[in-house]
Structure formats: structure tokens, C-alpha cells
Amino acid sequence: MSCEEILVCPVQLGENFCLYFAGLECDAFCKEKILHQFLRNVDSQLLVVRPDLNMAAFEDVTDQEMKSGNGMHFNIHYYKTTTPSAGMPVAFSIQVEDRSYYMCCEKECGKMIVRFREGEVPKEIPGESNIIFFKKTFTSCSSRAFKFECSLEQGMFLAFEEEGSLRKLILKKLSREDEVDETMKISF
């Protein structure tokens, strides 16, 4: 809890004695900085995006493939927020060949999924957004590993799921807040 004082001026007394104020910020996200990173899972595999297959998966990558960085070198867009307790708001984008894609979460057939859409990440986001993920420390003792919670669906985190020989990027529900699920561990 912050001890910071904020001067507010009541403007109007509405119905049911609701008090309205002027000069307060609304909940919004404003881009602060961008970092360029590879994203790795618990097995040190790199996240590789393949828009032509509408898929992203963690893969073993050779040094030569890493140098090309095609579909692997993420831009992590950090946003300022008026609600810092939820975690650091971030958005992910990536270049594949000459096109830009951003990561988002969407509901499909009643299930939350991860998608990559062609386009740019906006500089400002006025309210809720399907491209914002809250960056949280994976555990209190691992400062270089994180988990990313979908801002639209509390308790849904980026994770991987084995499907044949692939480790596909998915959204996964955390059953308890104190649960440690290694499939959600992502490091830079």
C-alpha cells in the first residue's frame, strides 16, 4: 500500500449519493519501454512462432537458427499502469520475415487460446485488452523466471503443452494461486 497523497476535487453528487471526482486517471496502459528477448521454457527451448501454421511452440534451436532469429526474437512491450498490484503489464510482438505479429488471447469454442495476429502493438491501450499479459515472478526465489497472466482471464497463464513431439504455447488455468507449475515458467 502506498502512502502517496493524491489531491482530488469532488465535482458532482449524483444519484444514490455517488460522488464524482475530476482529475483522476482512468485505468489505462501507456507504453513505457521495449526489450528484445528470446523466450525460453524450463528445458531451455526457445519459443518459435510460425504464423503460416497459426502456431507457436518451444523448440530446440541451433546456434545458426538463433542468429537468423526469424520467429524467435520477441519484442516485449512494457506498459505503465494505474493498477500495479496485478503485475507488470506487457505485450509481445515478433517479426517473421517482413511482417509484424502480436500475441493475444481469445476465446474460441468456450476455451481461451493464444493467437498471433498480424499488426503492431498500440502505444496506448485505453482499457482492457486481449494483448496485455501481467508479468509476475515465477517464484520468490527465481528472479530471472516469470509467468505471464492473461489480463482478460484471471488465473490463465502462458504455458506449454506437449502434443506429439511439440511443446505448443497455450493458456493454462492455475488451480491455486500458490501452485508452482513448471510448464508456465518462462525466462529471458
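Cut-off values and rules
Residues numbered from 1 in each chain as written. Predicted model: local features only at pLDDT ≥ 70, side-chain atom pairs only at ≥ 80, totals over all residues. Heavy atoms only, no water. Helix = DSSP H or I, 4+ residues; strand = E, 2+ residues; numbered from the N terminus. Core = buried A, V, L, I, M, F, W, Y, C linked by side-chain atoms within 4.5 Å. Buried < 20%, exposed > 50% of the residue type's maximum accessible area, 1.4 Å probe, protein only. Contact = heavy atoms within 4.5 Å. Polar contact = N/O pair within 3.5 Å; in protein donor to acceptor, adjacent residues only side chain to side chain.

Asker: Help me out: how do you make sense of the environment of T81 in this one?
Answerer: Relative to the elements of secondary structure, T81 occurs in strand β6 (residues 74–81). Separated by 49 residues in the primary sequence, T81 and E32 place their C-alpha atoms 9.6 Å from one another.

Asker: Sorry, what's going on with the nonpolar core here?
Answerer: Across soluble globular proteins, you tend to see nonpolar side chains buried next to one another. If you look at the biggest cluster of nonpolar residues, it comprises 28 residues, and the most contacted ones within it are F92, F116, F133 and L158. Among the elements that line this core, the one with the most residues is strand β7 (residues 88–96), at four residues. With sequence-adjacent residues up to four places away left out, F116 is seen in contact with V49, N54, A56, F74, I94, Y101, Y102, M103 and L169. Counting residues in hydrophobic clusters, the runner-up holds ten residues, among them F29, Y102, C104 and I131.

Asker: For this particular structure, what's the right way to read unusual backbone geometry?
Answerer: Outside of glycine, negative phi angles account for most residues, and trans bonds account for most peptide bonds. Positive phi outside glycine occurs at N54, with the angle close to 50 degrees. Here N54 is to be found in the loop between β4 (46–50) and β5 (55–59). When its relative accessible area of 44% is taken as the criterion, N54 is described as partly exposed.

Asker: Would you mind going over the side chain of S100 with me for this structure?
Answerer: The residue S100 is located in strand β8 (residues 99–108) in this model. Note on S100: relative accessible area 13%, which makes it buried. In this structure the side chain of S100 is engaged in a polar contact, spanning 2.4 Å, whose partner is the side chain of Q95. Those residues in contact with S100 that sit more than four places away from it in its chain are I94, Q95, R117, E118, G119 and E120.

Shape descriptors only; they carry no functional weight alone.
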